[in-house]
Amino acid sequence: MARSTRGPANRPHPETPRGAPRRTPARTFLRTADGVPIDAVYEPGPTGRDRSDLVFVVAHGFTGDADRPHVRRIAAAFARHGAVVTFSFRGHGASGGRSTVGDREVLDLAAAVAWARGFGHARVVTVGFSMGGSVVLRHAALYADDAVAGTDAVVSVSSPARWYYRGTAPMRRLHWLVMRPAGRLVGRYGLRTRIHHRDWDPVPLSPVEAVPRIAPRPLLVVHGDRDGYFPLDHPRMLAEAAGDHGELWLEPGMGHAENASGEALLERIGAWAVARAG
């Protein structure tokens, strides 16, 4: 897997709406900086209120996509607070390419954020779950100085802090799925996820290494105390790395990622974003 890097040749190339900002639903394929088509959906959210300039860009977890019911539920919850962009990471759903399990996915998110700003929204909040949670952290660090493709606030839910973690049974199964030819076949035909066969080379910036680079943008780290994938040392590492610009919510009884995120939690995240996104 090639490393995700920034620079003039690595800018996102979104299909940004032309002319006056448009606040009607839209769906299109974006083009990432490395040429991958990404299926993206825009929903305008509330109108006629002072918070309508806020847009959430939702980064789903591994094996998700923009049309999955749990992603649509997340989008509906955030639509009460602002506009919402959902998209399918490379190798997922209708998007092209193959999944690099969190590496080049930062390019997908950068294209989605730039597209969201093209609708005239002044404030962007990226919200990621599991793999998407690691992507929003790395994206915020790598695009910290980018006024178009960067974000104004970050919410990371159920994210790992470090790579190659295999300390739980679900993560050992996930490594088999990603690293073995038989596992990648299961991913393609059983989970509708096309996984790249190459190892990372070089290894990308880890989530915990990315977090200090996000400041001064506000960061919210959310994690369940019953997460079966990543134990509590992961969110605590992220919060420690964040320092004063980060906030940690350890949710009692919560499991992992989108399916474990209840309506009350999503409402609280939405309210946090409205208050903290500038």
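What counts and how
- Residues numbered from 1 in each chain as written.
- Predicted model: local features only at pLDDT ≥ 70, side-chain atom pairs only at ≥ 80, totals over all residues.
- Heavy atoms only, no water.
- Salt bridge = Lys/Arg side-chain N within 4 Å of Asp/Glu carboxyl O.
- Helix = DSSP H or I, 4+ residues; strand = E, 2+ residues; numbered from the N terminus.
- Buried < 20%, exposed > 50% of the residue type's maximum accessible area, 1.4 Å probe, protein only.
- Pairing = 2+ DSSP bridges.
- Axes fitted to C-alpha atoms, helices over the stretch in contact; angles between N-to-C directions.
- Contact = heavy atoms within 4.5 Å.
- Phe/Tyr/Trp six-rings, centres within 6.5 Å; stacked < 30°, edge-to-face > 60°.
- Lys NZ or Arg CZ within 6 Å of the ring centre and 35° of its normal.

Per an unreviewed UniProt entry, the chain goes by Hydrolase and derives from Streptomyces coelicolor.

### Structural notes on the pattern of salt bridges
Under the defined criterion, the tally for this structure stands at 16 salt bridges. Across the salt bridge formed by D103 and R138, the nearest N and O atoms sit 3.8 Å from each other. Here the residue D103 occupies a position in the loop between β4 (83–87) and α2 (105–117), and R138 occupies one in helix α3 (residues 131–142), the gap between them amounting to 35 residues. Assessed through its relative accessible area of 0%, D103 is described here as buried. Through salt bridges that share partners, D34, R90, R104 and D108 make up one connected network.

### What to know about the pairing of strand β2 (residues 37–43)
Within β2, 5 of the 7 residues are buried, which leaves it mostly tucked inside the rest of the structure. Across 6 bridges, strand β1 (residues 26–31) lies against β2 in antiparallel orientation. Of the residues in β2, the one forming a bridge with A26 is Y42. Between β1 and β2, which follow one another and run antiparallel, lie 5 residues, and G35 among them has a positive phi close to 85 degrees. Pairing geometry for β2 and β4, over 4 bridges, is antiparallel.

### Examining the sheet that holds β4
Strand order across the open sheet formed by 8 strands is β1-β2-β4-β3-β5-β6-β7-β8, with mixed pairing between neighbours. Strands at the two margins of the open sheet, each flanked by one partner only, are β1 and β8 (246–251). Looking at each pair of strands side by side, their axes are set apart by 20 degrees on average, direction ignored. Sheet topology note: the strand β7 (residues 219–224)/β8 ladder contains 6 bridges and is parallel. Considered in β8, the bridge of V221 is made with L248. Seen against the sheet, helix α1 (residues 69–78) touches β2, β3 (54–59), β4 and β5 (123–129) and runs at an angle of roughly 165 degrees to β4.

### Things to note about the packing of aromatic side chains
Aromatic ring pairs are described here by two measures, namely the spacing of the ring centres and the angle between the planes. With the rule as written, the count across this model stands at 9 aromatic pairs. Geometrically, the ring pair formed by Y42 and F119 is stacked, given 3.7 Å between the ring centres and 5 degrees between the ring planes. Of this pair, Y42 sits in strand β2 while F119 sits in the loop between α2 and β5, and the two are 77 residues apart along the sequence. We note that Y42, like F119, is buried. Positioned above the aromatic ring of W249, the side-chain terminus of R268 is 4.4 Å from the ring centre.

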